[in-house]
Amino acid sequence: ALACRPAPLRHADPASPRPHLSLRCAMPTNHSVPMVKVAMPPRERLMPALEQVLYSGFVAEGESVYEFERRFAAAFELPVALAMSSGTAALHVALLMSGVRDGDEVISTSMTAEPTNIVILQCGARPVFADVDPLSGNLDPDSVRALIGPRTSAIVVVHYAGYPARLDELRAIADEHRVALIEDAAHALGARYGDAAIGTLGDYGIFSLQAIKHMTTGDGGVLTLRDGSRADEARRLRWFGLSKGVPRTQVDIATPGYKYNMNNVAAVIGLMQLEHIHALIDRHIANGRYFDERLRRIPGLEVTSFEPRARPSYWLYSLLSEDSDAVEARLHSVGVAASKLHKPNHLHSVFATMRRPLPNLESYYSRLTHLPSGWWVDDDDRERIVDALTRG
């Protein structure tokens, strides 16, 4: 994406607690309203900051990374934030710190982007696919409970498309069986569950800063931990098992780690993003709430269900219908991107031996259409979407 410049929307949502910004990007697309879009800070803020770090003589992990971690944790009410090279790297570290090892089982969902479950395989463990709530696509706690066994070492819950899962129930199940609960919040930056920020009710929470998420550092991720006393252990795992800030001749590797650290260049992009991120997320939320209100009135359409205490951040808007192909085609006809976006993971050959009946997931997936809900969807765009589906 080319540089984006914030400009006030023509019609701000009066219900929003913060002003909205619309970032207009010169980015090629087959639709006038794309499904996802890369957001970058204003050029006049970002480029001087990047030039400074690029010519500072220190572009690897350093003070910019640590400042980004402090500010990210404060912005999203996290106990600690550890910057990683990707959300997948953060999830891998979370699994390892949960004690996931060869031969273990991890309760997970097939309704997610593939890295969620690929990284379980990389630990030598086996994903056990629980069924989902057919009205949200998120893990069904009853299915999770039925699948936990003696080899279960963790539960990975994905807040799919930015809609919080039923965390109270999942937390209770994890505590009852003394297994770790990991929140994959790659889609859910800025979402909340009751009074808590998403990512803080699990033992571990991970966020993605990949290109098309709510916020990007080019690529990157963040790990948060409920038990902050283990943060140094996580830092060692992201850097080969070594401790930073200690002479190499004086350290000892007790556990092998990985090359999962963030660098200063990505961190500077992140620091600039934090200046505007709440306004961008607020626009996702305002658009999602608008669609919740308007689309539920249209016969044949059903909006995603979530608990009253859940507050989604609507990375994508998830719409259900009896004819998802017709919904997709109708929106394409007016220049709006729409699709199912993800393929249920159990349909991939690599997970063939782990397939099991998932009737609720099949029902959800057959009815699903994702709509754009991001900061680039202005008031005219969202009215066009509602009008097209009303007439369709």
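What counts and how
- Residues numbered from 1 in each chain as written.
- Predicted model: local features only at pLDDT ≥ 70, side-chain atom pairs only at ≥ 80, totals over all residues.
- Heavy atoms only, no water.
- Helix = DSSP H or I, 4+ residues; strand = E, 2+ residues; numbered from the N terminus.
- Rg over C-alpha atoms; globule rule 2.2 N^0.38 Å.
- Buried < 20%, exposed > 50% of the residue type's maximum accessible area, 1.4 Å probe, protein only.
- Contact = heavy atoms within 4.5 Å.
- Areas by Shrake-Rupley, 256 points an atom, 1.4 Å probe, with all protein chains shown as cover.
- Lys, Arg positive; Asp, Glu negative; His and termini not counted.
- Charge placed at Lys NZ, Arg CZ, Asp CG, Glu CD.
- Pairing = 2+ DSSP bridges.
- Axes fitted to C-alpha atoms, helices over the stretch in contact; angles between N-to-C directions.
- Phe/Tyr/Trp six-rings, centres within 6.5 Å; stacked < 30°, edge-to-face > 60°.
- Lys NZ or Arg CZ within 6 Å of the ring centre and 35° of its normal.
- pLDDT = per-residue confidence, 0-100.
- Salt bridge = Lys/Arg side-chain N within 4 Å of Asp/Glu carboxyl O.
- Arc of directions from axis to C-beta.
- Right-handed = clockwise from strand over helix to strand, strands pointing away.
- Left-handed = near helix turned anticlockwise from the far one by under 90°.
- Nonpolar A, V, L, I, M, F, W, Y, C, P; charged D, E, K, R; others polar.

A. Layout of the overall build of the chain. Of regular secondary structure, the chain possesses 12 helices and 15 strands. Against the globule reference of 21 Å for 392 residues, the chain gives a C-alpha radius of gyration of 21 Å, in line with a compact fold. In the chain, buried positions account for 58% of the 392 residues. A separation of at least 24 residues holds for 70% of the contacts in the chain among residues at least 6 apart in sequence. Surface summary for the chain: the accessible area is close to 16000 Å², and the carbon and sulfur share equals 52%. Of note, the chain has its 42 positive side-chain charges centred 3 Å away from the centre of its 46 negative side-chain charges.

B. Looking closely at the sheet that holds strand E10 (residues 204–208). The strand order E3-E11-E10-E7-E6-E4-E5 describes an open sheet built from seven strands, whose pairing is mixed. At either end of the open sheet lies a strand with only one pairing partner, and these are strand E3 (82–84) and strand E5 (126–130). Going from strand to strand, the sheet's axes swing by 25° on average, the running direction of each strand aside. On the sheet, helix H2 (residues 63–75) packs against E3, E10 and strand E11 (221–225) and is oriented at approximately 120° with respect to E3.

C. Examining the packing of aromatic side chains more closely. Inspection of the entire model under this criterion finds 12 aromatic pairs. Measuring from centroid to centroid gives 6.0 Å for Phe72 and Phe207, while their planes differ by 65°, and the two rings are edge-to-face. Of this pair, Phe72 sits in helix H2 while Phe207 sits in strand E10, placing them 135 residues apart in sequence. Looking at Phe207, the relative accessible area reads 1%, which means it is buried. Ring pairs connect the aromatic residues Tyr163, Tyr290, Phe291, Phe306, Tyr314 and Tyr317, which therefore count as one cluster. Lying across the ring of Trp239, Lys244 places its NZ or CZ 3.7 Å from the centre.

D. Focus on unusual backbone geometry. Phi at Glu77 is positive, roughly 55°, even though this residue is not glycine. Note on placement: Glu77 falls in the loop between H2 and E3. Positive phi outside glycine occurs at Ala161, with the angle close to 65°. If you trace the backbone, Ala161 turns up in the loop between strand E6 (152–158) and helix H6 (167–177). For Ala161, a relative accessible area of 0% corresponds to the buried category.

E. Quick look at the confidence of the model for the chain. Across the chain, the average pLDDT comes to 93, with 92% of residues at or above 70. Counted against residues more than four places away or in other chains, residues 1–29, with its pLDDT under 50, gives 67 contacts.

F. Broad picture of the pattern of salt bridges. Scanning all chains against the criterion turns up 21 salt bridges. Residues joined in a network through salt bridges with shared partners are Asp133, Asp140, Arg166 and Glu169.

G. Representation of H6 in the model. The set of residues buried in H6 consists of Leu167, Leu170, Arg171, Ile173 and Ala174. Projection of H6 onto a plane perpendicular to its axis shows the buried side chains occupying an angular sector of 160°, all on one side. Of the surrounding elements, those touching the buried residues of H6 are helix H5 (141–147), E6, strand E7 (180–184) and strand E8 (192–193). At the C-terminal side of H6, Arg178 shows a positive phi close to 55°.

H. Examining the pairing of E6 more closely. In terms of burial, E6 is largely enclosed, as seven of its seven residues are buried. The pairing of strand E4 (residues 105–109) with E6 spans three bridges and is classified as parallel. Bridge assignment links Glu105 to a residue of E6, and that residue is Thr152. Strand direction decides the pairing type here: E6 and E7, joined by five bridges, are parallel. Residue pairing for E7: Val158 is matched across the bridge by Asp184. As a crossover connection, the stretch from E6 through H6 into E7 is right-handed.

I. Up close: the packing of H2 against helix H8 (residues 264–274). Look at H2 against H8: their axes get within 8 Å of each other, and the N-to-C directions meet at 35°. Remark: the crossing between H2 and H8 carries left-handed chirality. Seen from H2, the contacting residues are Glu63, Ser64, Val65, Glu67, Phe68, Arg71, Phe72 and Ala75; seen from H8, they are Asn264, Ala267, Val268, Gly270, Leu271 and Leu274. Within the contact of H2 with H8, the residues separate by chemical class into eight nonpolar, three polar and three charged.

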